[in-house]
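# Survey of secondary and tertiary structure
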Amino acid sequence: MSLKSKCVDTVRILSAEAIQKAKSGHPGICMGAAPVGFEVFADFLNFSYKNPKWDNRDRFVLSAGHGSMLLYSLLHLFGFDVTKEDLMNFRQLGSRTPGHPEYGKTDGVETSTGPLGQGIGNAVGFALAEEHLAAVFNRPGYNVVDHYTYALCGEGCLEEGLGYEACSFAGTQKLGKLILLYDKNNITIEGDIKSNFDEDIATRFCSQGWQVLRVNDATDLSVLKAAITKAKADTTRPSIIICQSKIGHGSPLENSEKSHGAPLGEENLAAAKKKLNWTEAPFEVPADVKTYCTKLAEKKLAAERAWTELFKNYEKQYPDLAKKYKRYMEGYEPDFTSLMDSFDFSKPEATRASGGKILNKLAQSMPNLLSGSADLAPSTMTELKGEGYFSPENRGGRNIRFGIREHAMAAICNGIQLHGGLRVACSTFFSFSDYMKAGIRISALLDVPVIYVMTHDSIGVGEDGPTHQPMEQLIALRSIPNLKVFRPCDGRETVAAYISAFTQSSPTVLVLSRQNLNQNPGSGINALAGGYILDDCNGTPDVILIGTGSEIDLCTGAKKILTDEKLKVRVVSMPCIEEFEKQTPEYREYVLPKAVKARVCVEAASHYSWYKYCRDYGEIVAMTTFGTSAPAAALFKHFGFTAENVAEKARLSLSNVKKG
């Protein structure tokens, strides 16, 4: 047995032992794909275990995230801060080796994966970011941005529609420094895939513009090495290497779905060790394997040293570019002080139109900002004017045509953001956020500030009808932890929403209107608090009207009606519930005093967000059904979104309070 083969067996056994100790996990892929993972780390992946965030490192993405122990074993062998104790603590509370890879928890993990296909999308984002930054900064003899992205996937990632979307996009964009390693073992949880996934993968990827390579026996490290070398050589196309493997390799459960998602069992683990001639104590690495991997890891440090020297010379030759590069990597902090006064918000305007102006203004001071759309930029108004479109012919373009691929768009943007050096916004119609929810959720889990611009926010979409009129989407996104959902009522609140999005680390969804909205004199920077008093009365209010977006107009209209009836009315704008809930108890009490029990909450979407704020005696004007096709004005009236109805609900709430 060669030493490299012994290293591969070390990965297999460490993975199986950790899974067995945890009494849960996925040993099948760890044992079957171990040669693929080891070959990439040993002979190709440029990294610095001493500086895992080195800018010009190659990225490795385990899209098949259930095989996390494969990645942890590799990181352990190659010097990353993943200890023997970490391996032994696999899947336990507080562990640095969680059940699926989690960005920020484990040294060397580039992104959180597990939902199948997300990792492929992230990898495409990494590759796109590399191409764009290379176009901006590289000069002859100074390739300061020059690295590859490797992703390991299985059948599940390619069965998911996200995988198809992302790979189609990557092929069209000719992302030639993206290499996808397909661990083809023909097994998923339910068994052999021939009954549900028998398509010709090679032909599929050829048709998508990829270079297709085959390794008929994944245990043949020399063939694997030759295939990866060939993949790297063709930078005009992304490459897929179809690696034929055996799930659970070396164990009695080899080629069986029983090795997919459960420990091997003590007897089967012992049998695997016997077959692989393994005699080490549990979680021990053979001395020769440890020495070999350590030497490889040390040797790889030379790449970072060479890059550092290259960058020093780059600074001398191109000082302005070098300074700009550092700004990209550190992140731009635009001057927001004058942003609110940069626009004329005196006339009614759709918040999508206001948002487009604001985004373009910010882009002028943030050259590292990219903006993309799922084929809807003319409608979402998110094109960065005069900045061109990213393409094989224009890698410096700052606009991205994702095509009608919402799910991939979200995953790719996560990769762009994770890569470093860039900020990214993407857009579609709000109703289609359903196609993106998994990717948006991952943004929140990763804590990366991707900006999602969702326009056509309510029944105000009008004639397109209920398929395009979002009802439940607001409550669905508001339920995601660490995600801010802003639904501004006018241009000034839209400015505040963008300021919040660009000054915090978490992702933001901006929900913007298709139809024109009035500009409110009381709106402005206070919207950063999430909820604030937009229009107040003298003294303690009799009733509080709470609204968002276009429904603020209804609240202010209802206030006029009720004021004529000698009632004292406060209008509260609540563009972002998440931000309001972060405020101090004193501030929340100031805006919504508990003593004022008469309240009406108004939003042309699901009612579920509002019970907390209307409390026992309040009323809600919201949607409990889908919409229908008609002009917007007719729809608002049909569903009770009128100032008169809001006023009537206020009277009813006051009556509820009196009845007690």
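Just so it is clear, the structure is predicted and the values come from calculations on it, not from any experiment.

Here the focus is the sheet that holds strand S18 (residues 619-623). Here we have five strands laid out as an open sheet, ordered S14-S16-S15-S17-S18, and mixed in their pairing. The open sheet has two edge strands with one neighbour each: strand S14 (532-535) and S18. Taken over all neighbouring pairs, the strand axes of this sheet differ in orientation by 25° on average, direction set aside. Running at roughly 145° to S18, helix H25 (residues 643-659) makes contact with strand S15 (543-547), strand S17 (599-606) and S18 of the sheet.

Under the 1.5 Å per step criterion, the end-to-end length of helix H6 (residues 118-137) is 29 Å for 20 residues, consistent within 8% with the ideal 28 Å. Burial within H6 is extensive, with 19 of its 20 residues counted as buried.

With that settled, the discussion passes to the packing of helix H12 (residues 287-317) against helix H13 (residues 319-330). Where H12 contacts H13, the axes come no closer than 5 Å and their chain directions differ by 125°. As summarised for this structure, H12 and H13 are arranged oblique, according to the angle between their axes. In this structure, H12 contributes Trp 307, Phe 311, Tyr 314, Glu 315, Lys 316 and Gln 317 to the contact, and H13 contributes Pro 319, Leu 321, Ala 322, Tyr 325 and Lys 326. Classifying every residue of the contact of H12 with H13 by side-chain character gives seven nonpolar, one polar and three charged.

Take the sheet that holds strand S9 (residues 399-401) next. Reading across the sheet, the six strands line up as S9-S8-S10-S11-S13-S12 and stay open at both edges, with parallel pairing between neighbours. The outermost strands of the open sheet, each flanked by one partner alone, are S9 and strand S12 (484-486). Strand-to-strand twist of the sheet, defined as the mean angle between neighbouring strand axes without regard to direction, takes the value 20°. Examined bridge by bridge, strand S8 (residues 369-373) and S9 share three bridges and lie parallel to one another. Bridge pairing links Ser 373 to Arg 401 in S9.

What follows deals with the layout of surface pockets. To find leftover empty space, one rolls a probe the size of a water molecule over the atoms. Counted as a void, the largest pocket has a volume near 560 Å³. What lines the largest pocket is a set of 28 residues, and nearest its centre among them are Met 329, Glu 330, Gly 331, Gln 417 and Arg 423. When contributions to the lining of the largest pocket are tallied by element, the ones reaching two or more residues are H13, helix H16 (406-419) and helix H19 (491-503). Its residues assigned to classes, the lining of the largest pocket shows 11 nonpolar, nine polar and eight charged. Size it by volume and the second largest pocket reaches roughly 330 Å³. Around the second largest pocket, the lining comprises 19 residues; the ones closest to its centre are His 66, Leu 116, Gly 156, Thr 188 and His 260. At four residues, helix H7 (residues 155-159) tops the list of elements feeding residues into the lining of the second largest pocket. Taken together, the residues of the lining of the second largest pocket break down into seven nonpolar, eight polar and four charged.

Right, let's get into H25. Taking 1.5 Å of rise per residue, 17 residues should cover 24 Å, and H25 covers 24 Å from first to last C-alpha, within 8% of that figure. When we look at burial in H25, the residues that qualify are Ala 643, Val 646, Ala 647, Ala 650, Ser 653, Leu 654 and Asn 656. Where H25 is buried, its residues touch S15, helix H20 (552-564), S17 and S18. With its phi angle positive at about 70°, Gly 660 sits one or two positions after the end of H25.

Each value, and the rule that gives it
- Residues numbered from 1 in each chain as written.
- Predicted model: local features only at pLDDT ≥ 70, side-chain atom pairs only at ≥ 80, totals over all residues.
- Heavy atoms only, no water.
- Pairing = 2+ DSSP bridges.
- Helix = DSSP H or I, 4+ residues; strand = E, 2+ residues; numbered from the N terminus.
- Axes fitted to C-alpha atoms, helices over the stretch in contact; angles between N-to-C directions.
- Contact = heavy atoms within 4.5 Å.
- Expected span 1.5 Å × (residues − 1).
- Buried < 20%, exposed > 50% of the residue type's maximum accessible area, 1.4 Å probe, protein only.
- Parallel < 35°, antiparallel > 145°, perpendicular 65-115°, else oblique.
- Nonpolar A, V, L, I, M, F, W, Y, C, P; charged D, E, K, R; others polar.
- 1 Å grid on protein atoms, 1.4 Å probe; cavity = no way out; pocket = protein on both sides within 12 Å on 5 of 7 lines; lining within 4 Å.
- Points joined across faces, edges and corners; volume = space filled by probe spheres on them.

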